[in-house]
Amino acid sequence: MKHKVELSWQGNLAFETNMDGHKMITDAGIEVGGEDKGFRPKKLLLTALAGCTGIDTALIVKKMRLDIQDIKVSVEGELSETQPSYYKNMHITYEFFGKDLPQKKLERAVKLSEETQCGVSAMYKQVIPVTSQIIYHEQ
């Protein structure tokens, strides 16, 4: 199987794509000559990781029939100081919200996502360190 995306130039530094029926624009910031019309391509790498592991974790939590009120996933990437700049590492933070959170099961859900389910994580781990932490918010 292959995936393909195609972008159409929108003038200046902006490009538009239609991915699975969803329109998305990428653009550079004003500080580098763009018009700030859309997402920054490099930051989409962080979004891809958060989205992939978030979806997997939510699916696993659902299969486990856990009563969770909310899940937040954030990813922070440290940029190199050289040009072209790239992410030297990434750190994922999972936040679970609910009452009487089953911490061992949630740790298992995260581990399954990170080690066997999330293809984005698997790919990134081949080239940079990817670490994670879990925060519990008992309500």
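Residues numbered from 1 in each chain as written. Predicted model: local features only at pLDDT ≥ 70, side-chain atom pairs only at ≥ 80, totals over all residues. Heavy atoms only, no water.

A. How the structure looks around the sheet that holds strand β6 (residues 130-138). The sheet built from three strands is open, its strands ordered β4-β5-β6 with mixed pairing. Each edge of the open sheet is held by one strand with a lone partner, namely β4 (70-79) and β6. Across this sheet, the average inter-strand angle for adjacent strands is 15°, counted without regard to direction. One ladder, built from ten bridges, connects β4 with strand β5 (residues 87-98); its direction is antiparallel. Residue glutamate 76 lies in a different strand from β5, and its bridge partner there is histidine 91. Its contacts with the sheet put helix α2 (residues 103-117) on β5 and β6, and the angle it makes with β6 is roughly 150°. (Pairing = 2+ DSSP bridges. Helix = DSSP H or I, 4+ residues; strand = E, 2+ residues; numbered from the N terminus. Axes fitted to C-alpha atoms, helices over the stretch in contact; angles between N-to-C directions. Contact = heavy atoms within 4.5 Å.)

B. Summary view of the side chain of threonine 57. For threonine 57, the location among the structural elements is in helix α1 (residues 41-63). Overall, the relative accessible area of 0% leaves threonine 57 in the buried class. Once you skip the residues sitting within four places of it in the chain, threonine 57 turns out to touch Tyr94, Phe96, Ala109, Val110 and Ser113. (Buried < 20%, exposed > 50% of the residue type's maximum accessible area, 1.4 Å probe, protein only.)

C. Focus on the packing of aromatic side chains. Applying the stated criterion across every chain, the model contains one aromatic pair. A centroid spacing of 6.3 Å and a plane angle of 20° characterise the contact between phenylalanine 96 and tyrosine 136, whose relative ring orientation is stacked. Of this pair, phenylalanine 96 sits in strand β5 while tyrosine 136 sits in strand β6, and the two are 40 residues apart along the sequence. (Phe/Tyr/Trp six-rings, centres within 6.5 Å; stacked < 30°, edge-to-face > 60°.)

D. Fine view of a nonpolar patch on the surface. On the surface, Val5, Leu7, Trp9, Phe15 and Met19 cluster together into a nonpolar patch covering about 490 Å² of accessible area. Contributing elements (two or more residues each) for the nonpolar patch: β1 (7-9) and β2 (15-19). Structurally, the position occupied by methionine 19 is in strand β2. (Patch = residues over 30% accessible without salt bridge, like charges linked within 9 Å, V, L, I, M, F, W, Y side chains within 5 Å. Areas by Shrake-Rupley, 256 points an atom, 1.4 Å probe, with all protein chains shown as cover. Salt bridge = Lys/Arg side-chain N within 4 Å of Asp/Glu carboxyl O.)

E. View of the nonpolar core. Judged by nonpolar contacts, the single largest core of 23 residues is most densely connected at Leu49, Met90 and Phe96. Per-element tally for this core: the top contributor is α1, with six residues. With residues near it in sequence (within four places) discarded, phenylalanine 96 still touches Thr57, Val61, Ile68, Asp70, Ile71, Leu101, Leu106, Val110, Ile134, Ile135, Tyr136 and His137. (Core = buried A, V, L, I, M, F, W, Y, C linked by side-chain atoms within 4.5 Å.)

F. Here's a closer look at the sheet that holds strand β3 (residues 22-26). An order of β1-β2-β3 is seen for the three strands of this open sheet, with the pairing classed as antiparallel. Lying at the two open borders of the sheet, with one neighbouring strand each, are β1 and β3. Adjacent strand axes in the sheet meet at a mean angle of 25°, parallel and antiparallel pairs treated alike. As judged from the five bridges shared by β2 and β3, these two strands associate in the antiparallel manner. Looking at β3, one finds that asparagine 18 is bridged to lysine 23.

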